[in-house]
Amino acid sequence: MTTTVDIDVHHDADNHRYEASVVVHGETRVVGVLRYERVDGVVTVPSTVVVPEYRGCGVAAALTAHVLDDVRAEHLLIRPECWYVAQWLDRHPEFADVVWSPDADQGTMG
């Protein structure tokens, strides 16, 4: 599927993940998940998974943008272990200020 879909992103803090869902035939369906770990003000993202038929529809981008907005709002840093999130950050230098670096003891922002 390469069409545009309406994506709703929900933060499931209890399970350390963000879920992207769409409505299909009147039913809400989770089509993407971004997992994370939060330790000492750093949010590590090990993986982003999108259901195959929804790849290319902006699901992973919506998940990534949502987590980064939350990271910035909470004055945290992000450590992208997920290849997709790392590539997304390369294309969006406006988020460089919230990217964790192993070269510096950055701690939390603020």
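Preceding this paragraph is the structure being described.
Basis of the calculations
- Residues numbered from 1 in each chain as written.
- Predicted model: local features only at pLDDT ≥ 70, side-chain atom pairs only at ≥ 80, totals over all residues.
- Heavy atoms only, no water.
- Helix = DSSP H or I, 4+ residues; strand = E, 2+ residues; numbered from the N terminus.
- Rg over C-alpha atoms; globule rule 2.2 N^0.38 Å.
- Buried < 20%, exposed > 50% of the residue type's maximum accessible area, 1.4 Å probe, protein only.
- Contact = heavy atoms within 4.5 Å.
- Areas by Shrake-Rupley, 256 points an atom, 1.4 Å probe, with all protein chains shown as cover.
- Lys, Arg positive; Asp, Glu negative; His and termini not counted.
- Charge placed at Lys NZ, Arg CZ, Asp CG, Glu CD.
- Phe/Tyr/Trp six-rings, centres within 6.5 Å; stacked < 30°, edge-to-face > 60°.
- Pairing = 2+ DSSP bridges.
- Core = buried A, V, L, I, M, F, W, Y, C linked by side-chain atoms within 4.5 Å.
- Axes fitted to C-alpha atoms, helices over the stretch in contact; angles between N-to-C directions.

Of regular secondary structure, the protein possesses two helices and five strands. Ordered by position in the sequence, the α and β elements of the protein form the string β-β-β-β-α-β-α. The C-alpha atoms of the protein give a radius of gyration of 14 Å, which matches the 13 Å a tight globule of 110 residues would have. For the protein, the proportion of its 110 residues judged to be buried stands at 37%. For the protein, the proportion of contacts with a sequence separation of at least 24, taken over those separated by at least 6, is 42%. Summed over its atoms, the accessible surface of the protein is roughly 6,500 Å², and 49% of this surface lies on carbon and sulfur atoms. Averaging the positions of the 8 positive and the 18 negative side-chain charges in the protein gives two centres separated by 5 Å.

Moving on, we get to the packing of aromatic side chains. Inspection of every chain in the model, using the stated rule, returns three aromatic pairs. Centroid distance Tyr 18 to Tyr 36: 5.6 Å. Interplanar angle 50°. Geometry classified as tilted. Here the residue Tyr 18 occupies a position in strand β2 (residues 17-24), and Tyr 36 occupies one in strand β3 (residues 27-39), the gap between them amounting to 18 residues. For Tyr 18, a relative accessible area of 3% gives the class buried. An angle of 80° between the planes, with centres 5.9 Å apart, marks the rings of Trp 83 and Tyr 84 as edge-to-face.

Moving on, we come to the side chain of Thr 64. Turning to its location among the elements, Thr 64 is positioned in helix α1 (residues 59-73). In this structure Thr 64 comes out as buried when scored by relative accessible area, which is 0%.

Our focus in this paragraph is the pairing of β3. Both β2 and β3 contribute to a ladder of eight bridges, which runs antiparallel. Across the sheet, Arg 17 pairs through a bridge with Arg 35, a residue of β3. Adjacent in sequence and paired antiparallel, β2 and β3 are bridged by two residues, among which His 25 carries a positive phi angle near 50°. Two elements, β3 and strand β4 (residues 42-50), share seven bridges in a ladder whose sense is antiparallel. By the bridge assignment for β4, Val 39 is matched with Val 42. Where β3 hands over to β4, the hairpin turn is made up of two residues, of which Asp 40 adopts a positive phi near 50°.

Soluble globular proteins tend to bury their nonpolar side chains together. Core analysis: the biggest nonpolar cluster contains 28 residues, and Leu 34, Val 45, Leu 68 and Ile 78 have the highest contact counts within it. Going through the elements one at a time, β2, β3, β4, α1 and α2 (83-91) are the ones with two or more residues in this core. With residues up to four places along the chain from it excluded, the contact list for Leu 68 reads Ile 78, Trp 88, Leu 89, Phe 95 and Val 98.

With that settled, consider the sheet that holds β2. Reading across the sheet, the five strands line up as β1-β2-β3-β4-β5 and stay open at both edges, with mixed pairing between neighbours. Bordering the open sheet on either side are β1 (8-12) and β5 (77-80), each of which pairs with just one other strand. The sheet shows a mean angle of 30° between the axes of neighbouring strands, taken without regard to direction. Lying over the sheet, α2 contacts β3, β4 and β5, oriented at roughly 120° with respect to β5.

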